[in-house]
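One letter stands for each residue in the lines below.
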Amino acid sequence: MSTHASDPLAALGSLPGVAEAVDSVRKAVDRVYGHRVMRRRSNEISSEAALRGARGSAALSGADWALEEVRRRTDFSADAEARTVGAALRLGAEAGQLLSIWRQSPLRVLARLHLVAAGDAGLPAGAGDSVGRPRLDGETVDEPLIDLPLPTPAEVAGRLDSLADLIVAGSEAPALVTASVVHGELLALRPFTSYNGLVARAAERIALVGSGLDPKAICPAEVGHAEQGRAAYLAAFEGYLSGTPEGVGAWIAHCGRSVELGVRESTAVCEALQRGAA
């Protein structure tokens, strides 16, 4: 059995509200996995969850498009909003391909996620040099949602290494706790020059799916983050940044509620398919 000294993520399970959030998420996930439609059409639910998750993540990054517009469009290079939506869609498609690498080399996965998000459309001259690697001294960060002081590149490197060590070592912490910390740390560090929010939420999804909590990727937390709104997202994130037990616990609970709202979305898709309406 691990100790909190060797497994610091496990200690977070005892923070205020966390055990209740973990239990509520587990019950919600079990319910949607038990839906009769999941027995024969789970691939369709997964595809729809990826689409809706991408729409939600893009909305939090300032591109709040209607779902049908996201579904209809094929060109995502016209302007900044379109590029954000395109980046979110690419990340949703890529995340499932990186599950086998995540536990062995999480930093490699993060680099790949940024490379995929950035693509090759609309990059300013010279910006390609910063894609797929942590930012350097003097490089600016374009992150429309988070307007807080940036950690230095040296601090970013140290904390990314610590996060990667925790993931590789494994933890007895519930999947929700690990995924919430991954998400929160990446938002706090903003390690890349662009698309940090999208990458953070994609990494959260990988952590939730790779843990076995949501192996078919049908519980898009990004939907719930968007549904709760940017103000609530930022307030919860500021709690994480505070480092207090109450603040970190509230962030984990917020992420848990987001997963539950993602479950609700996929349950509605299951019901629509069962009625023949989707």
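Fair warning: this is a prediction, and the values are worked out from it, not measured in the lab.

Draft legend 1. Fine view of the packing of aromatic side chains. On inspection of all chains with the given rule, the structure shows four aromatic pairs. Both rings, one in Phe237 and one in Trp251, keep their centres 6.1 Å apart while their planes meet at 65 degrees; by these two values the pair is edge-to-face. A residue pair is termed long-range when its members are at least 10 positions apart, and Phe237 in helix H12 (residues 230–242) and Trp251 in helix H13 (residues 245–275) qualify at 14 residues. Taken together, a centroid distance of 6.2 Å and an interplanar angle of 55 degrees make the contact between Tyr240 and Trp251 tilted.

Draft legend 2. Geometry of empty space enclosed by the protein. The tally for this structure, following the rule as stated, stands at two cavities of 30 Å³ or more. Computed from the structure, the largest cavity encloses a volume of approximately 90 Å³. Forming the walls of the largest cavity are 13 residues, and the residues nearest its centre are Ala88, Leu91, Gly92, Ala202 and Glu222. Those elements giving two or more residues to the lining of the largest cavity turn out to be helix H3 (38–60), helix H5 (80–95) and helix H10 (196–210). Per-element accounting of the lining of the largest cavity gives the leading share, five residues, to H3. Across the lining of the largest cavity, the residue classes tally to eight nonpolar, three polar and two charged. Top contributing element to the lining of the second largest cavity by residue count: H10, with three residues. By residue class, the composition of the lining of the second largest cavity is seven nonpolar, no polar and two charged.

Draft legend 3. Geometry of the layout of surface pockets. The volume enclosed by the second largest pocket comes to roughly 250 Å³. Considering the residues around the second largest pocket, the lining is formed by 14 residues, among which Arg103, Gly170, Ser171, Thr178 and Ser211 are closest to the centre. The set of elements that each furnish at least two residues to the lining of the second largest pocket consists of helix H8 (153–169), helix H9 (175–189) and H10.

Draft legend 4. Just the nonpolar core, in detail. Residues Leu12, Ile45, Trp102, Leu110, Leu113, Trp251 and Val259 are the most contacted members of the largest nonpolar core, which totals 81 residues. It is H9 that provides the largest number of residues to this core, a total of 10 residues. In contact with Trp102, not counting residues within four places along its chain, are Val109, Leu110, Ile167, Val182, Ala203, Ile206 and Ala207.

Draft legend 5. Quick peek at the side chain of Ser130. Mapped onto the elements, Ser130 comes out in the loop between helix H7 (106–118) and H8. Residue Ser130 is classed as buried on the basis of its relative accessible area of 8%. Within the local environment of Ser130, its side chain forms a polar contact with the side chain of Thr193, the two groups lying 3.1 Å apart. Ser130 has contacts with His114, Glu139 and Thr193, leaving out every residue within four places of it along the chain.

Draft legend 6. Expanded view of unusual backbone geometry. Positive phi outside glycine occurs at Arg190, with the angle close to 40 degrees. Within the fold, Arg190 resides in the loop between H9 and H10. Here Arg190 falls in the buried class, since its relative accessible area comes to 2%. For Tyr195, which is not a glycine, the phi torsion comes out positive at approximately 60 degrees.

Draft legend 7. The packing of H5 against H7, seen in detail. Between H5 and H7, the shortest axis-to-axis distance is 8 Å and the interhelical angle comes to 140 degrees. As far as their axial angle goes, H7 and H5 are oblique. As for the relative orientation of H5 and H7, their crossing is right-handed in sense. Together, Ala87, Arg90, Leu91 and Glu94 of H5 and Arg112, Leu113, Val116, Ala117 and Ala118 of H7 make up the contact between the two elements. The residue inventory of the contact of H5 with H7, partitioned by class, reads six nonpolar, no polar and three charged.

Rules used in this analysis
- Residues numbered from 1 in each chain as written.
- Predicted model: local features only at pLDDT ≥ 70, side-chain atom pairs only at ≥ 80, totals over all residues.
- Heavy atoms only, no water.
- Phe/Tyr/Trp six-rings, centres within 6.5 Å; stacked < 30°, edge-to-face > 60°.
- Helix = DSSP H or I, 4+ residues; strand = E, 2+ residues; numbered from the N terminus.
- 1 Å grid on protein atoms, 1.4 Å probe; cavity = no way out; pocket = protein on both sides within 12 Å on 5 of 7 lines; lining within 4 Å.
- Points joined across faces, edges and corners; volume = space filled by probe spheres on them.
- Nonpolar A, V, L, I, M, F, W, Y, C, P; charged D, E, K, R; others polar.
- Core = buried A, V, L, I, M, F, W, Y, C linked by side-chain atoms within 4.5 Å.
- Buried < 20%, exposed > 50% of the residue type's maximum accessible area, 1.4 Å probe, protein only.
- Contact = heavy atoms within 4.5 Å.
- Polar contact = N/O pair within 3.5 Å; in protein donor to acceptor, adjacent residues only side chain to side chain.
- Axes fitted to C-alpha atoms, helices over the stretch in contact; angles between N-to-C directions.
- Parallel < 35°, antiparallel > 145°, perpendicular 65-115°, else oblique.
- Left-handed = near helix turned anticlockwise from the far one by under 90°.

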